[in-house]
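Architecture at a glance
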Amino acid sequence: MKKIFSFMAAAMLTTAATAQETYDNAPLAQKDLNGTARYVGMGGAMEALGADISTMGTNPAGIGMFRRSVINGSFGFSSQSDAEEFNGADKTKMSFDQAGFVYSMRSGRSSFVNFGFTYNKSRNFNQILTAAGRLNGASQNKLSGMKNYNGIYKLHSNKDGKLSSPDVACSQLDYLYSNVILGDGNSILVDKDGNMIGDNTDGFLIRKDGTSPTFYNATDYSFGRESSGYIGEYNFNISGNSNDRFYWGLTFGLYDVHYDATTRYTENLVDGSNSIGSVTLNDRRKITGSGFDVKAGIIFRPVEESPFRVGLYVHTPTWYDLTSKNYTRLDNNLKKNQDDPSQSYGAYDYGDINEAYDFKFYTPWRFGASIGHTVGNYLALGATYEYADYSTSDIRINDGGTIDYWGNYYDESHSDEAMKQNIKQSLKGVHTLKLGMEFKPERNWAVRLGYNYVSPMYNTEGLKDGTIDSYGTYYSSTTDYTNWKATNRITAGVGYSCRNWTIDLAYQYSQTDGDFYPFRGYVDNEKKEYNNVCDAVKVSNKRNQLLLTLGYKF
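Residues numbered from 1 in each chain as written. Predicted model: local features only at pLDDT ≥ 70, side-chain atom pairs only at ≥ 80, totals over all residues. Heavy atoms only, no water.

Description of the overall build of the chain
Helix and strand counts for the chain stand at six helices and 24 strands. Seen along its three principal axes, the alpha-carbon backbone of the chain occupies a region of about 90 × 60 × 40 Å. A total of 554 residues make up the chain; the buried ones form 57% of that total. In the chain, of all internal contacts separated by at least 6 residues, the share reaching a separation of at least 24 is 73%. For the chain, the accessible area works out to roughly 23,700 Å², and carbon and sulfur atoms hold 54% of it. Averaging the locations of the 55 positively and 61 negatively charged side chains of the chain gives two centres separated by 8 Å. (Helix = DSSP H or I, 4+ residues; strand = E, 2+ residues; numbered from the N terminus. Buried < 20%, exposed > 50% of the residue type's maximum accessible area, 1.4 Å probe, protein only. Contact = heavy atoms within 4.5 Å. Areas by Shrake-Rupley, 256 points an atom, 1.4 Å probe, with all protein chains shown as cover. Lys, Arg positive; Asp, Glu negative; His and termini not counted. Charge placed at Lys NZ, Arg CZ, Asp CG, Glu CD.)

What about the side chain of S344?
Topologically, S344 is positioned in the loop between β14 (319-334) and β15 (350-362). S344 has contacts with D184, N186, K335, K336 and N337, leaving out every residue within four places of it along the chain.

A short note on the pairing of strand β8 (residues 187-190)
Residues S187 and L189 point to one face of β8 and I188 and V190 to the other, with burial holding for every one of them. For β8 and strand β9 (residues 204-207), the ladder comprises four bridges, and the chain directions are antiparallel. The residue bridging L189 from the neighbouring strand is L205, located in β9. (Pairing = 2+ DSSP bridges.)

Digging into the nonpolar core
The biggest cluster of nonpolar side chains holds 76 residues, and the ones touching the most others in it are L28, L135, I181, Y221, L322, L330 and F361. Examining the composition of this core, we find that seven residues originate from one element, helix α4 (residues 172-182), more than from any other. Among all residues touching L135, those that are not within four sequence positions of it are A218, T219, D220, Y221, Y265, E267, P518, F519, V533 and C534. (Core = buried A, V, L, I, M, F, W, Y, C linked by side-chain atoms within 4.5 Å.)

Concerning a negative patch on the surface
Among the surface-exposed residues, D358, D399, D411 and E412 lie close enough to one another that they form a single negatively charged patch. The class for D358 is partly exposed, based on a relative accessible area of 39%. (Patch = residues over 30% accessible without salt bridge, like charges linked within 9 Å, V, L, I, M, F, W, Y side chains within 5 Å. Salt bridge = Lys/Arg side-chain N within 4 Å of Asp/Glu carboxyl O.)

Observations concerning helix α5 (residues 417-426)
An α-helical turn contains 3.6 residues, so any two residues separated by three or four positions project in the same direction. Among all positions in α5, only M419, K420, N422, I423 and S426 are buried. One side of α5 carries all its buried residues, which in axial view fall inside an arc of 155 degrees. Where α5 is buried, its residues touch α1 (22-25), β18 (394-403), β19 (409-415) and α6 (471-474). (Arc of directions from axis to C-beta.)

Section: the pattern of salt bridges
Evaluation of the coordinates by the stated rule reveals 22 salt bridges. Connected via shared salt-bridge partners are K31, E233, D293 and K295.

Some points on a positive patch on the surface
On the surface, R68, K440, R443 and K553 cluster together into a positively charged patch. The exposure class assigned to R443 is exposed, which follows from its relative accessible area of 76%.

Describing the state of the cysteines
What makes a disulfide is a covalent bond joining the sulfur atoms belonging to two cysteines. Taken as a whole and assessed by the stated rule, the structure comprises zero disulfides. Free of any disulfide, C170 has its nearest neighbouring cysteine sulfur in C534, separated by 20 Å. The buried category is assigned to C170, whose relative accessible area is 0%. On the accessibility criterion, C534 (7% relative accessible area) is buried. (Disulfide = S-S within 2.5 Å.)

Observations regarding the packing of helix α3 (residues 140-149) against α4
At their nearest, the axes of α3 and α4 sit 9 Å apart, and the two run at 100 degrees to each other. Considering their axes alone, α3 and α4 lie roughly perpendicular with respect to each other. For the pair α3 and α4, the contacting residues are Q140, N141, S144, G145 and K147 in the first and L173, D174, Y177 and L182 in the second. Its residues assigned to classes, the contact of α3 with α4 shows three nonpolar, four polar and two charged. (Axes fitted to C-alpha atoms, helices over the stretch in contact; angles between N-to-C directions. Parallel < 35°, antiparallel > 145°, perpendicular 65-115°, else oblique. Nonpolar A, V, L, I, M, F, W, Y, C, P; charged D, E, K, R; others polar.)

A look at unusual backbone geometry
Apart from glycine, the bulk of residues carry a negative phi angle, and the bulk of peptide bonds sit in the trans form. Phi is positive for N243, close to 60 degrees, though the residue is something other than glycine. Along the chain, the position of N243 falls in the loop between β10 (217-242) and β11 (246-271). Residue classification places N243 among the exposed residues on the basis of a relative accessible area of 53%. One non-glycine residue with positive phi stands out, namely R499, at about 60 degrees. Structurally, R499 is set in the loop between β22 (481-498) and β23 (501-517). Residue classification places R499 among the exposed residues on the basis of a relative accessible area of 82%.

Topic: the pairing of strand β21 (residues 445-454)
Sheet faces and side chains relate simply in a regular strand, where the side chains alternate between the two faces. Across the two faces of β21 the burial differs, with A446, R448, G450, N452 and V454 buried and W445, V447, L449, Y451 and Y453 not buried at all. Sheet topology places strand β20 (residues 429-442) next to β21; nine bridges connect them, and they run antiparallel. By the bridge assignment, E438 is partnered in β21 with R448. What sits between β20 and β21 in their antiparallel hairpin is a turn of two residues. In this sheet, β22 lies alongside β21 in antiparallel orientation, the contact comprising 10 bridges. When the sheet's bridge partners are listed, G450 is paired in β22 with T491.

Digging into the side chain of R285
Within the secondary structure, R285 is located in strand β12 (residues 274-300). One buried charged residue, R285, remains without a salt bridge, the closest side chain of opposite sign being D283 at 4.5 Å. One polar contact links R285 to S477, side chain to side chain, over a distance of 2.9 Å. Once residues lying within four places of it in the same chain are set aside, the contact partners of R285 are Q20, Q172, Y259, D260, A261, S324, K325, N326, Y357, Y475, S476 and S477. (Polar contact = N/O pair within 3.5 Å; in protein donor to acceptor, adjacent residues only side chain to side chain.)

Some thoughts on the environment of F519
With respect to the helices and strands, the residue F519 is situated in the loop between β23 and β24 (537-553). Residue F519 is classed as buried on the basis of its relative accessible area, which comes to 0%. Separated by 90 residues in sequence, F519 and G429 have C-alpha atoms that sit 24 Å apart. With residues near it in sequence (within four places) discarded, F519 still touches L135, A138, S139, Q140, L143, Y265, E267, T479, D480, Y481, N532 and C534.

Details of the confidence of the model for the chain
For the chain, per-residue confidence averages 92 on the pLDDT scale, and 95% of positions sit at 70 or higher. This model gives residues 9-15 a pLDDT under 50, and the stretch forms 19 contacts once residues within four places in sequence are excluded. (pLDDT = per-residue confidence, 0-100.)

Take a look at the structure:
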């Protein structure tokens, strides 16, 4: 008969406060290069050139350059070329990427006021990430066991024999390991003086010999994650053109978040030099929610006789209200001995846990500058620089709400200051450079090229720190993290126009390399056998996108 440990995380710690961990939130903050095929084909370097619907979400003043109304839509395929098979996930998926319109109205002899709307898939979460490596004595359960041994969180035994903790630094995964693997017949619960304790008294798990912490070393691991979903961006724009010299624009953006990830992590464990089997962690996490921001920009021609133009723009933070749900299961595949329980490992055959909680996440301000120039009606050149400091991102704890004198309800929250320090240590400012050109060999044909460089968002020394006294730690159900490096994108495209119709095709290749860690490592200053060091594994995300846009001018 299987022994099952099932626990509702909400029962661990009674609180209304909720938050999220740095590395779980970071992917929500950045945007992909996406939009119309013309915009993508030119590497997105159109924030000064304008007259493309996609600039509604970057420099809103670009919409002020329209002199005719337009409607278009974009769809295509995205493929991860370097992905290994995992969980039956498809490497190539079809995607509906953009749809929008601009309604242009003349307000003077050389002036226009324009209104526009566009939907844009600003973030595509489709990715397969796999890794494997040697651990040489480090392990995930060792991380949990040493956190308890060093007093980062305490444990106590309830009347039903299950272990629990009053400390927010004890994560969902720590609970599972403590109950399913570490709290077996080979360990005891003691107080700070090493004395055995009874129910509901906070203490520490140690081996029965009474001198060492409880954990099992691992020889190697395998990891796989399949993520899917997107962030949809809905932009509403008003913009204008004053005498074909000065252009302005304002965009209000709404966002909806759909993130879904399935993770499987397996370690092969040893007791001393003897192999004792494996443990497998399966985790399913979904993040959904909504957000909004405001974007403003201008474009101007410094010299009236010259087509050279300069664009400047700014984006407020995106203020997200999010809900995260997870179901996590830890399977114990270690040796069992029904006749001699002392020769068995682990207290339960498996344990599972689930949680759902709300939190807020605010992205950083974003600033951009762009230049553009045209030569006749056959050549357009553009360059854009953008900066956003992701170390200023804000993870906020929900405190509930209040009702004012007039009966209006308001949500209240405050910054998770402990996790915010981890954000400052792990994330940094990102510089984005976009270059693009369009050449028309004939009136109806256009050829485009583009390039992007996006500097790393993660510090090389950044880590997913499970010792932080934060609700973000408490609700965490995985320990892995990846410090992704710079992103390079190369784009190309062609376009054809016939009367009022346009058709554009673009190709984008992007590559981001990174260092993957199954968990944070550390070195113990007292005993080297307590060290828990895992080396980074090189991973990459290589993506190919084919995008088609159909448009009509009227």
